[in-house]
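Commentary on secondary and tertiary structure
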Amino acid sequence: MDSGASSPEKQDKENLVGINKNQLGVCGWILFLLSLLLVIITFPISIWMCVKIIKEYERAVVFRLGRIQAGKAKGPGLILVLPCIDVFVKVDLRTVTCNIPPQEILTRDSVTTQVDGVVYYRIYSAVSAVANVHDVHQATFLLAQTTLRNVLGTQTLSQILAGREEIAHSIQTLLDDATELWGIRVARVEIKDVRIPVQLQRSMAAEAEATREARARVLAAEGEMNASKSLKSASMVLAESPIALQLRYLQTLTTVATEKNSTIVFPLPMNILEGIGGVSYDSNKIITKKYPSRGECHAKIRSDLCKFP
(Lines give C-alpha, C1' and ligand atoms only; values in the text may rest on other atoms or scores of the structure.)
Protein backbone atom coordinates (compact mmCIF):
# COMPACT_ATOMS: atom_id res chain seq x y z
CA MET A 1 0.00 0.00 0.00
CA ASP A 2 1.30 3.40 -0.96
CA SER A 3 2.17 5.40 2.14
CA GLY A 4 1.73 8.66 0.25
CA ALA A 5 -1.90 7.89 -0.64
CA SER A 6 -4.41 9.98 1.32
CA SER A 7 -7.38 8.55 3.20
CA PRO A 8 -10.92 8.80 1.73
CA GLU A 9 -11.95 11.26 4.43
CA LYS A 10 -9.00 13.52 3.57
CA GLN A 11 -9.81 13.29 -0.14
CA ASP A 12 -13.43 14.27 0.55
CA LYS A 13 -12.31 17.32 2.49
CA GLU A 14 -9.89 18.34 -0.25
CA ASN A 15 -12.69 18.09 -2.81
CA LEU A 16 -14.80 20.62 -0.90
CA VAL A 17 -15.18 23.91 -2.70
CA GLY A 18 -14.20 26.03 0.29
CA ILE A 19 -10.73 24.42 0.57
CA ASN A 20 -9.67 24.86 -3.06
CA LYS A 21 -6.21 26.45 -3.12
CA ASN A 22 -5.84 27.00 -6.88
CA GLN A 23 -4.79 30.52 -7.88
CA LEU A 24 -6.00 32.70 -10.76
CA GLY A 25 -4.68 31.85 -14.23
CA VAL A 26 -3.31 34.22 -16.86
CA CYS A 27 -6.76 35.21 -18.07
CA GLY A 28 -7.81 35.82 -14.50
CA TRP A 29 -4.97 38.21 -13.88
CA ILE A 30 -5.74 40.06 -17.14
CA LEU A 31 -9.38 40.54 -16.10
CA PHE A 32 -8.25 41.62 -12.64
CA LEU A 33 -5.99 44.31 -14.10
CA LEU A 34 -8.74 45.53 -16.44
CA SER A 35 -11.20 45.79 -13.55
CA LEU A 36 -8.65 47.67 -11.44
CA LEU A 37 -8.00 50.01 -14.36
CA LEU A 38 -11.73 50.67 -14.67
CA VAL A 39 -11.89 51.60 -11.00
CA ILE A 40 -8.99 54.02 -11.38
CA ILE A 41 -10.48 55.67 -14.49
CA THR A 42 -13.91 56.18 -12.90
CA PHE A 43 -12.51 57.31 -9.54
CA PRO A 44 -14.02 58.76 -7.28
CA ILE A 45 -17.43 57.62 -8.56
CA SER A 46 -16.46 53.96 -8.57
CA ILE A 47 -15.31 54.06 -4.98
CA TRP A 48 -18.94 54.22 -3.77
CA MET A 49 -19.70 51.03 -5.71
CA CYS A 50 -16.60 49.13 -4.66
CA VAL A 51 -16.46 49.82 -0.92
CA LYS A 52 -18.83 47.70 1.20
CA ILE A 53 -19.51 47.80 4.95
CA ILE A 54 -19.62 44.55 6.89
CA LYS A 55 -21.14 44.58 10.40
CA GLU A 56 -19.45 43.16 13.47
CA TYR A 57 -21.59 39.98 13.50
CA GLU A 58 -21.29 39.41 9.75
CA ARG A 59 -18.65 38.07 7.42
CA ALA A 60 -18.35 38.45 3.64
CA VAL A 61 -17.28 35.61 1.36
CA VAL A 62 -15.87 37.23 -1.78
CA PHE A 63 -15.84 35.27 -5.05
CA ARG A 64 -13.34 36.58 -7.61
CA LEU A 65 -13.96 35.03 -11.00
CA GLY A 66 -15.87 32.26 -9.24
CA ARG A 67 -13.10 31.47 -6.75
CA ILE A 68 -13.12 32.30 -3.06
CA GLN A 69 -10.66 35.11 -2.51
CA ALA A 70 -7.83 34.35 -0.04
CA GLY A 71 -9.65 31.19 1.06
CA LYS A 72 -11.35 32.95 3.98
CA ALA A 73 -14.13 35.39 4.76
CA LYS A 74 -13.57 39.12 5.13
CA GLY A 75 -14.83 41.56 7.70
CA PRO A 76 -15.96 43.17 9.81
CA GLY A 77 -15.39 46.73 8.57
CA LEU A 78 -14.75 48.00 5.03
CA ILE A 79 -13.95 45.65 2.14
CA LEU A 80 -13.14 46.39 -1.48
CA VAL A 81 -15.15 44.65 -4.19
CA LEU A 82 -13.93 45.08 -7.75
CA PRO A 83 -16.62 45.54 -10.39
CA CYS A 84 -17.42 42.84 -12.94
CA ILE A 85 -15.16 40.17 -11.38
CA ASP A 86 -16.08 40.14 -7.67
CA VAL A 87 -19.27 38.85 -6.06
CA PHE A 88 -19.72 38.67 -2.29
CA VAL A 89 -22.14 36.87 0.02
CA LYS A 90 -22.89 38.05 3.57
CA VAL A 91 -23.08 35.44 6.32
CA ASP A 92 -24.64 36.10 9.74
CA LEU A 93 -22.61 34.58 12.58
CA ARG A 94 -25.23 35.06 15.31
CA THR A 95 -26.96 32.12 16.98
CA VAL A 96 -29.99 30.89 15.04
CA THR A 97 -33.07 29.31 16.62
CA CYS A 98 -34.54 26.39 14.67
CA ASN A 99 -37.98 25.20 15.80
CA ILE A 100 -38.61 21.55 14.99
CA PRO A 101 -42.33 20.99 14.28
CA PRO A 102 -44.12 18.08 16.01
CA GLN A 103 -42.82 14.79 14.65
CA GLU A 104 -44.97 11.67 14.83
CA ILE A 105 -42.71 8.95 16.19
CA LEU A 106 -43.21 5.25 16.86
CA THR A 107 -41.21 4.36 19.95
CA ARG A 108 -39.46 1.06 20.59
CA ASP A 109 -42.40 -0.20 22.67
CA SER A 110 -44.84 0.55 19.80
CA VAL A 111 -46.36 3.74 21.21
CA THR A 112 -47.19 6.59 18.83
CA THR A 113 -46.10 9.97 20.16
CA GLN A 114 -45.62 13.50 18.84
CA VAL A 115 -42.41 15.23 19.87
CA ASP A 116 -41.23 18.73 19.03
CA GLY A 117 -38.04 20.54 19.94
CA VAL A 118 -35.72 23.45 19.31
CA VAL A 119 -32.12 23.61 18.08
CA TYR A 120 -29.71 26.49 18.72
CA TYR A 121 -26.77 26.71 16.33
CA ARG A 122 -24.42 29.23 14.80
CA ILE A 123 -22.07 29.46 11.82
CA TYR A 124 -18.40 29.44 12.79
CA SER A 125 -16.98 29.12 9.25
CA ALA A 126 -18.60 31.42 6.71
CA VAL A 127 -16.66 29.90 3.80
CA SER A 128 -17.84 26.35 4.54
CA ALA A 129 -21.44 27.52 5.08
CA VAL A 130 -21.51 29.20 1.66
CA ALA A 131 -19.38 26.88 -0.43
CA ASN A 132 -20.15 23.40 0.94
CA VAL A 133 -23.94 23.44 1.12
CA HIS A 134 -26.64 25.11 -0.96
CA ASP A 135 -28.82 26.43 1.89
CA VAL A 136 -27.17 25.85 5.23
CA HIS A 137 -30.21 26.80 7.33
CA GLN A 138 -32.64 24.60 5.40
CA ALA A 139 -30.19 21.70 5.45
CA THR A 140 -29.72 22.00 9.22
CA PHE A 141 -33.50 22.20 9.75
CA LEU A 142 -34.17 19.00 7.77
CA LEU A 143 -31.26 17.17 9.39
CA ALA A 144 -32.54 18.11 12.85
CA GLN A 145 -35.98 16.63 12.06
CA THR A 146 -34.48 13.39 10.76
CA THR A 147 -32.08 13.03 13.68
CA LEU A 148 -34.89 13.62 16.20
CA ARG A 149 -37.02 10.86 14.65
CA ASN A 150 -34.12 8.42 14.42
CA VAL A 151 -32.95 8.89 18.01
CA LEU A 152 -36.40 8.80 19.62
CA GLY A 153 -37.37 5.75 17.55
CA THR A 154 -34.80 3.71 19.47
CA GLN A 155 -36.15 4.71 22.92
CA THR A 156 -39.16 3.53 24.90
CA LEU A 157 -41.84 5.93 26.08
CA SER A 158 -40.66 5.81 29.69
CA GLN A 159 -37.10 6.57 28.58
CA ILE A 160 -38.27 9.54 26.54
CA LEU A 161 -40.28 10.96 29.45
CA ALA A 162 -37.56 10.39 32.06
CA GLY A 163 -34.36 11.03 30.08
CA ARG A 164 -34.97 14.17 28.05
CA GLU A 165 -31.58 15.68 28.89
CA GLU A 166 -29.64 12.57 27.81
CA ILE A 167 -31.62 12.30 24.58
CA ALA A 168 -31.13 15.99 23.81
CA HIS A 169 -27.39 15.64 24.43
CA SER A 170 -27.14 12.66 22.06
CA ILE A 171 -29.07 14.57 19.36
CA GLN A 172 -26.74 17.54 19.82
CA THR A 173 -23.67 15.32 19.38
CA LEU A 174 -25.02 13.73 16.20
CA LEU A 175 -26.00 17.08 14.69
CA ASP A 176 -22.66 18.64 15.58
CA ASP A 177 -20.74 15.83 13.90
CA ALA A 178 -22.94 15.90 10.79
CA THR A 179 -22.82 19.68 10.29
CA GLU A 180 -19.11 20.17 10.99
CA LEU A 181 -18.27 20.30 7.26
CA TRP A 182 -20.99 22.90 6.78
CA GLY A 183 -19.36 25.30 9.22
CA ILE A 184 -22.14 24.80 11.78
CA ARG A 185 -21.67 24.40 15.52
CA VAL A 186 -24.73 23.19 17.43
CA ALA A 187 -24.91 25.00 20.77
CA ARG A 188 -27.96 23.37 22.37
CA VAL A 189 -30.87 21.01 21.68
CA GLU A 190 -34.05 20.96 23.76
CA ILE A 191 -37.12 18.71 23.60
CA LYS A 192 -40.11 20.97 24.22
CA ASP A 193 -43.12 18.67 24.43
CA VAL A 194 -44.00 14.98 24.27
CA ARG A 195 -47.62 14.33 23.32
CA ILE A 196 -49.16 10.92 23.90
CA PRO A 197 -52.69 9.63 23.11
CA VAL A 198 -55.50 10.53 25.52
CA GLN A 199 -56.33 6.89 26.27
CA LEU A 200 -52.71 6.23 27.22
CA GLN A 201 -52.72 9.32 29.44
CA ARG A 202 -55.72 7.95 31.33
CA SER A 203 -54.06 4.56 31.75
CA MET A 204 -50.88 6.16 33.07
CA ALA A 205 -52.90 8.37 35.45
CA ALA A 206 -54.79 5.33 36.80
CA GLU A 207 -51.53 3.46 37.30
CA ALA A 208 -49.97 6.40 39.14
CA GLU A 209 -53.08 6.78 41.33
CA ALA A 210 -53.03 3.09 42.25
CA THR A 211 -49.35 3.35 43.14
CA ARG A 212 -50.00 6.36 45.37
CA GLU A 213 -52.89 4.61 47.14
CA ALA A 214 -50.78 1.53 47.80
CA ARG A 215 -47.98 3.69 49.20
CA ALA A 216 -50.48 5.56 51.42
CA ARG A 217 -51.84 2.31 52.83
CA VAL A 218 -48.37 1.05 53.61
CA LEU A 219 -47.52 4.30 55.40
CA ALA A 220 -50.79 4.19 57.38
CA ALA A 221 -50.10 0.61 58.46
CA GLU A 222 -46.57 1.52 59.54
CA GLY A 223 -47.96 4.48 61.51
CA GLU A 224 -50.48 2.31 63.32
CA MET A 225 -47.79 -0.21 64.17
CA ASN A 226 -45.55 2.52 65.62
CA ALA A 227 -48.54 3.98 67.54
CA SER A 228 -49.38 0.59 69.03
CA LYS A 229 -45.79 0.17 70.18
CA SER A 230 -45.90 3.59 71.83
CA LEU A 231 -49.21 2.80 73.53
CA LYS A 232 -47.78 -0.45 74.83
CA SER A 233 -44.81 1.37 76.32
CA ALA A 234 -47.13 4.00 77.88
CA SER A 235 -49.38 1.36 79.41
CA MET A 236 -46.38 -0.32 81.00
CA VAL A 237 -45.30 2.98 82.54
CA LEU A 238 -48.83 3.74 83.82
CA ALA A 239 -49.14 0.26 85.31
CA GLU A 240 -46.15 0.95 87.55
CA SER A 241 -47.78 4.08 89.05
CA PRO A 242 -51.61 4.06 89.41
CA ILE A 243 -51.74 7.74 90.32
CA ALA A 244 -50.20 8.56 86.93
CA LEU A 245 -53.39 7.30 85.26
CA GLN A 246 -55.47 9.73 87.35
CA LEU A 247 -53.15 12.61 86.44
CA ARG A 248 -53.39 11.70 82.79
CA TYR A 249 -57.16 11.56 83.09
CA LEU A 250 -57.30 15.02 84.64
CA GLN A 251 -54.99 16.40 81.97
CA THR A 252 -57.28 15.04 79.26
CA LEU A 253 -60.29 16.69 80.96
CA THR A 254 -58.40 19.99 81.04
CA THR A 255 -57.67 19.75 77.34
CA VAL A 256 -61.31 18.98 76.50
CA ALA A 257 -62.64 21.75 78.76
CA THR A 258 -60.74 24.47 76.89
CA GLU A 259 -63.15 24.21 73.96
CA LYS A 260 -66.20 25.03 76.15
CA ASN A 261 -68.62 23.44 73.73
CA SER A 262 -68.97 19.90 75.08
CA THR A 263 -70.79 18.17 77.88
CA ILE A 264 -68.26 16.44 80.11
CA VAL A 265 -69.20 13.40 82.20
CA PHE A 266 -66.82 13.48 85.17
CA PRO A 267 -66.78 10.17 87.08
CA LEU A 268 -65.30 10.25 90.57
CA PRO A 269 -62.95 7.57 91.85
CA MET A 270 -64.53 5.25 94.43
CA ASN A 271 -62.01 6.11 97.13
CA ILE A 272 -63.22 9.74 97.08
CA LEU A 273 -66.77 8.57 97.84
CA GLU A 274 -65.75 6.87 101.09
CA GLY A 275 -67.71 8.32 103.97
CA ILE A 276 -70.07 10.21 101.62
CA GLY A 277 -73.59 8.79 101.43
CA GLY A 278 -72.62 5.64 103.29
CA VAL A 279 -70.45 4.29 100.51
CA SER A 280 -67.10 2.79 101.32
CA TYR A 281 -64.43 1.34 99.00
CA ASP A 282 -62.63 -1.70 100.25
CA SER A 283 -60.84 -4.23 98.08
CA ASN A 284 -62.82 -3.38 94.93
CA LYS A 285 -66.15 -4.03 96.78
CA ILE A 286 -68.86 -1.48 97.43
CA ILE A 287 -70.42 -1.67 100.97
CA THR A 288 -73.65 0.27 101.65
CA LYS A 289 -74.57 1.12 105.28
CA LYS A 290 -78.13 0.46 106.44
CA TYR A 291 -79.90 3.53 107.87
CA PRO A 292 -82.93 3.24 110.39
CA SER A 293 -86.44 4.05 109.17
CA ARG A 294 -88.50 7.08 110.27
CA GLY A 295 -90.64 5.07 112.69
CA GLU A 296 -87.60 3.58 114.37
CA CYS A 297 -86.16 7.08 114.76
CA HIS A 298 -89.40 8.35 116.43
CA ALA A 299 -89.49 5.38 118.83
CA LYS A 300 -85.89 5.94 119.79
CA ILE A 301 -86.57 9.63 120.44
CA ARG A 302 -89.55 8.79 122.73
CA SER A 303 -87.48 6.30 124.67
CA ASP A 304 -84.78 8.87 125.17
CA LEU A 305 -87.32 11.47 126.39
CA CYS A 306 -88.81 9.04 128.89
CA LYS A 307 -85.47 8.68 130.62
CA PHE A 308 -85.68 12.25 131.83
CA PRO A 309 -87.77 12.94 135.09
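It should be emphasised that the depicted structure is a prediction, and the values quoted were computed from it without experimental measurement.

Some words on the overall build of the protein
Across its full length, the protein carries ten helices and ten strands. Going through the 309 residues of the protein one by one, you find that 23% of them count as buried. A fraction of 63% describes how many contacts in the protein between residues 6 or more apart in sequence connect residues 24 or more apart. Accessible surface, the protein: about 22,200 Å² in total, of which carbon and sulfur atoms supply 59%.

Looking at the confidence of the model for the protein
Mean pLDDT for the protein: 78, with 75% of residues reaching 70 or above. Looking at the elements of the protein, mean pLDDT is at its lowest for helix α1 (residues 8–14), recorded as 45, and at its highest for helix α5 (residues 136–152), recorded as 92. Taken together, the stretch residues 1–15 has pLDDT below 50 and engages in three contacts with residues farther than four places along the chain or on a different chain. Contacts of residues 278–289 to residues separated by more than four positions or lying in other chains number 17 contacts, the stretch itself having pLDDT below 50.

Thoughts on empty space enclosed by the protein
The final tally for this structure, using the stated rule, is one cavity of 30 Å³ or more. Here the largest cavity is characterised by a volume of approximately 30 Å³. Grouping the constituent residues of the lining of the largest cavity by class yields five nonpolar, one polar and one charged.

With respect to α5
Taking 1.5 Å of rise per residue, 17 residues should cover 24 Å, and α5 covers 24 Å from first to last C-alpha, within 8% of that figure. Along its buried surface, α5 packs onto β6 (96–106), β7 (112–123), α4 (126–131), α6 (157–162), α7 (164–178) and β8 (184–195).

Regarding the sheet that holds strand β2 (residues 58–64)
Read across the sheet, three strands follow the order β3-β2-β5 without closing on themselves; strand pairing throughout is antiparallel. Looking at the sheet topology across the chains shown, the edges are occupied by β3 (67–68) and β5 (86–92). Where β2 meets β5, seven bridges bridge the pair, whose relative direction is antiparallel. Bridging from a neighbouring strand, Arg-59 pairs with Val-91 of β5.

Brief notes about the nonpolar core
Membership of the largest hydrophobic core comes to 34 residues, with the highest contact counts inside it found for Val-61, Val-119, Leu-152, Ile-167, Ile-171, Leu-175 and Val-186. Only β2, β6, β7, α4, α5, α6, α7 and β8 provide two or more residues apiece to this core. Broken down by element, this core gets its largest block of residues, six residues, from α5. With residues near it in sequence (within four places) discarded, Ile-171 still touches Thr-147, Leu-148, Val-151 and Val-189.

Thresholds, definitions, all that
Residues numbered from 1 in each chain as written. Predicted model: local features only at pLDDT ≥ 70, side-chain atom pairs only at ≥ 80, totals over all residues. Heavy atoms only, no water. Helix = DSSP H or I, 4+ residues; strand = E, 2+ residues; numbered from the N terminus. Buried < 20%, exposed > 50% of the residue type's maximum accessible area, 1.4 Å probe, protein only. Contact = heavy atoms within 4.5 Å. Areas by Shrake-Rupley, 256 points an atom, 1.4 Å probe, with all protein chains shown as cover. pLDDT = per-residue confidence, 0-100. 1 Å grid on protein atoms, 1.4 Å probe; cavity = no way out; pocket = protein on both sides within 12 Å on 5 of 7 lines; lining within 4 Å. Points joined across faces, edges and corners; volume = space filled by probe spheres on them. Nonpolar A, V, L, I, M, F, W, Y, C, P; charged D, E, K, R; others polar. Expected span 1.5 Å × (residues − 1). Pairing = 2+ DSSP bridges. Core = buried A, V, L, I, M, F, W, Y, C linked by side-chain atoms within 4.5 Å.

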